[in-house]
Amino acid sequence: MTTQSSEEVPTAPRGAGASGGTPTDPGGLGPASVRRRRVASLGLDRFSGIYVWVAIIVLFALWIPDTFLTEGNLRIIAGDQAITAILAIGLIVPLAAGVFDLSIAGVMGFSVAMVSYQLSIGIGMLVAVLTTLLCGALIGAVNGFVVVKLNVDSFIATLGMSSILLAGTYWVTDGKQITDGFTDGFLNLGSGMFLGLPLPFYYMVVVAAVMYVLLEKTPLGRYLYATGGNRQAARLAGLRVERIMFGSLVTSATIAALAGVVLAAKLGTAAPDIGPSYLLPAFSAVFLGSTQIRAGRVNVLGTLVAIYLLATGVKGLQLAGAPSFVNDLFNGLALIIAVALAARTARRS
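Residues numbered from 1 in each chain as written. Predicted model: local features only at pLDDT ≥ 70, side-chain atom pairs only at ≥ 80, totals over all residues. Heavy atoms only, no water.

J.: I would appreciate a short explanation of the overall build of the protein in the present structure.
T.: The secondary structure content of the protein amounts to 16 helices and two strands. Of the contacts formed within the protein by residues at least 6 apart in sequence, a portion of 73% connects residues at least 24 apart. For the protein, the exposed surface amounts to about 17700 Å²; the carbon and sulfur share of it is 66%. (Helix = DSSP H or I, 4+ residues; strand = E, 2+ residues; numbered from the N terminus. Contact = heavy atoms within 4.5 Å. Areas by Shrake-Rupley, 256 points an atom, 1.4 Å probe, with all protein chains shown as cover.)

J.: Sorry, what's going on with empty space enclosed by the protein here?
T.: Considering all chains together, one arrives at one cavity of 30 Å³ or more under this definition. In this structure, the largest cavity occupies an estimated 40 Å³ of space. What lines the largest cavity is G106, G109, F110, L165, L166, T169, P272, G275 and P276. Among the secondary structure elements, those contributing two or more residues to the lining of the largest cavity are α6 (104-120) and α8 (154-173). (1 Å grid on protein atoms, 1.4 Å probe; cavity = no way out; pocket = protein on both sides within 12 Å on 5 of 7 lines; lining within 4 Å. Points joined across faces, edges and corners; volume = space filled by probe spheres on them.)

J.: Would you take a moment to explain the side chain of T312 for this structure?
T.: Note on placement: T312 falls in helix α15 (residues 300-319). Within the local environment of T312, its side chain forms a polar contact with the side chain of W53, the two groups lying 3.0 Å apart. In this structure the side chain of T312 is engaged in a polar contact, spanning 2.6 Å, whose partner is the backbone oxygen of Y308. Every residue in contact with T312, bar those within four places of it in the chain, is listed here: W53, I56, I57, F60, F68 and I77. (Polar contact = N/O pair within 3.5 Å; in protein donor to acceptor, adjacent residues only side chain to side chain.)

J.: Is there a simple way to think about the layout of surface pockets in this case?
T.: A water-sized probe, rolled over the atoms, reveals where empty space remains. Quantified by volume, the second largest pocket comes out at close to 540 Å³. Forming the walls of the second largest pocket are 23 residues, and the residues nearest its centre are D80, Q81, T84, N327 and N331. Every element with two or more residues in the lining of the second largest pocket is listed here: α4 (71-80), α5 (82-96), α13 (241-267), α14 (279-289), α15 and α16 (326-348). Of all the elements, α15 adds the most residues to the lining of the second largest pocket, at six residues.

J.: Would you mind going over the packing of helix α7 (residues 125-149) against α8 with me for this structure?
T.: Packed helix pairs are characterised by how far apart their axes lie and by the angle those axes make with each other. At a closest axis distance of 9 Å, the pairing of α7 and α8 adopts a crossing angle of 145°. Crossing angle aside, the handedness with which α7 passes α8 is right-handed. Contacts from I139, V142, N143, V146 and V147 of α7 reach α8 at S154, A157, T158, M161 and L165. Split by residue class, the contact of α7 with α8 holds seven nonpolar, three polar and no charged. (Axes fitted to C-alpha atoms, helices over the stretch in contact; angles between N-to-C directions. Left-handed = near helix turned anticlockwise from the far one by under 90°. Nonpolar A, V, L, I, M, F, W, Y, C, P; charged D, E, K, R; others polar.)

J.: What is the right way to read the packing of aromatic side chains from this model?
T.: Aromatic rings in a pair are described by how distant their centres are and how their planes are angled relative to each other. The tally for this structure, following the rule as stated, stands at nine aromatic pairs. Taking the centre distance of 6.4 Å and the plane angle of 20° together, the rings of W53 and Y308 count as stacked. One end of the pair, W53, is in helix α2 (residues 44-63); the other, Y308, is in helix α15, and 255 residues separate them in sequence. Owing to a relative accessible area of 24%, W53 belongs among the partly exposed residues under this scheme. When the ring of F60 is compared with that of W63, the centres are 5.6 Å apart and the planes differ by 10°; the resulting orientation is stacked. Placement of both F60 and W63 in helix α2 is noted, with a separation of three residues, approximately one turn of the helix. Here the aromatic cluster, defined as three or more aromatic residues joined through ring pairs, consists of F100, F155, F283 and F287. The side chain of R297 reaches across the aromatic face of Y225, ending 4.1 Å from its centre. (Phe/Tyr/Trp six-rings, centres within 6.5 Å; stacked < 30°, edge-to-face > 60°. Buried < 20%, exposed > 50% of the residue type's maximum accessible area, 1.4 Å probe, protein only. Lys NZ or Arg CZ within 6 Å of the ring centre and 35° of its normal.)

J.: What is the right way to read the pattern of salt bridges from this model?
T.: For side chains of opposite charge, pairing can occur when their charged atoms come near one another. Counted under the stated rule, the structure contains six salt bridges. Taken together, the salt bridges that share partners define one network made up of E216, R294 and R297. (Salt bridge = Lys/Arg side-chain N within 4 Å of Asp/Glu carboxyl O.)

J.: What should I look at first to understand the packing of α5 against α15 in this one?
T.: Axis separation between α5 and α15 bottoms out at 10 Å; the angle between their running directions is 150°. Judged by the inter-axis angle, α5 sits roughly antiparallel to α15. For the pair α5 and α15, the sense of crossing is right-handed. Within the contact between the two elements, α5 uses A82, T84, A85, A88, I89 and I92 and α15 uses V300, T303, L304, I307 and Y308. Partitioning the contact of α5 with α15 into residue classes produces nine nonpolar, two polar and no charged. (Parallel < 35°, antiparallel > 145°, perpendicular 65-115°, else oblique.)

J.: Hey, could you run me through the environment of Y225 in this one?
T.: Structurally, the position occupied by Y225 is in helix α11 (residues 219-229). Y225 sits in the buried class, given a relative accessible area of 14%. Spatially, the C-alpha atom of Y225 lies 5.2 Å from that of A96, the residues being 129 residues apart in sequence. A polar atom in the side chain of Y225 sits 2.7 Å from the backbone oxygen of V298.

J.: Which parts of the structure should I look at to understand helix α10 (residues 199-217)?
T.: Residues three or four positions apart in an α-helix share a direction because the helix packs 3.6 residues into each turn. Along its 19 residues, α10 runs 27 Å from first to last C-alpha, staying within 8% of the 27 Å computed at 1.5 Å per residue. Along α10, the residues classified as buried are L199, P200, F201, M204, V207, A208, M211, L215 and E216. (Expected span 1.5 Å × (residues − 1).)

In structure tokens, the structure reads:
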């Protein structure tokens, strides 16, 4: 009588018991039974956020239809969340590689100050934008150097960088708002409309599409997830994990700089403390998104679902007369719940 070796256990279908099961297994342990259970659950394990989002829309549509079900409210939700979504999508890249980037909101705030300052002293729009994006990439390279070459934990390195960037933002703005020098062409980048929706929404769609293809359809995306899943195993498999980690931090900082440029164009002003408030919403969206679509890992589509689920709930409560602190309350609760759900998913997988 032969027995199955321990090395063969990981090759069994997920969810199968020790007996293996077959498509006709009366014990319900085979692949056919697994498929039936998934159909019966209606995808609640991967698409629960979409069900909750629809429920929230229905709730507020019945509760406050005159203010919630309006074109203006749709435009506000779509446009206001575009910046947070771009920032969160940038955050996905280092997290997929197992690296934290707590400086991403600081990079965005510094970028708002940089592009605004350049415009205020008469530098052309194109040069100001490109210089700001290059500054973002340079900040990411510094983060990568500290993490990869100096072996500083990414949490500590990027937390320190966020404080440095906050100081840099105050230095560039001299602690004041910058309101001069914004050209109509630049402001149109953030306030222009197309097909009834703000242009920042379309920037978000483009960034999301590019990052989705990169992460889900290319070898580089698989290398990122492999590095984040098990760094030592990825290194033994021949991946240059240090280079992947370095590149992920450069990418996230560059996307954050892009978000800063769009935010400056949207607001038409630069304030020294504009960045930090975006950090918690971005992390909340990414971690909540990791429980959706591709449950158990950070992903673009899940993050977008999380962004607009939270935004719809917050906006509905605000229109219903909830106090102003409901935004922070929602994001804080979402972050705690998302991390708890992600940990539960990891234990079950």
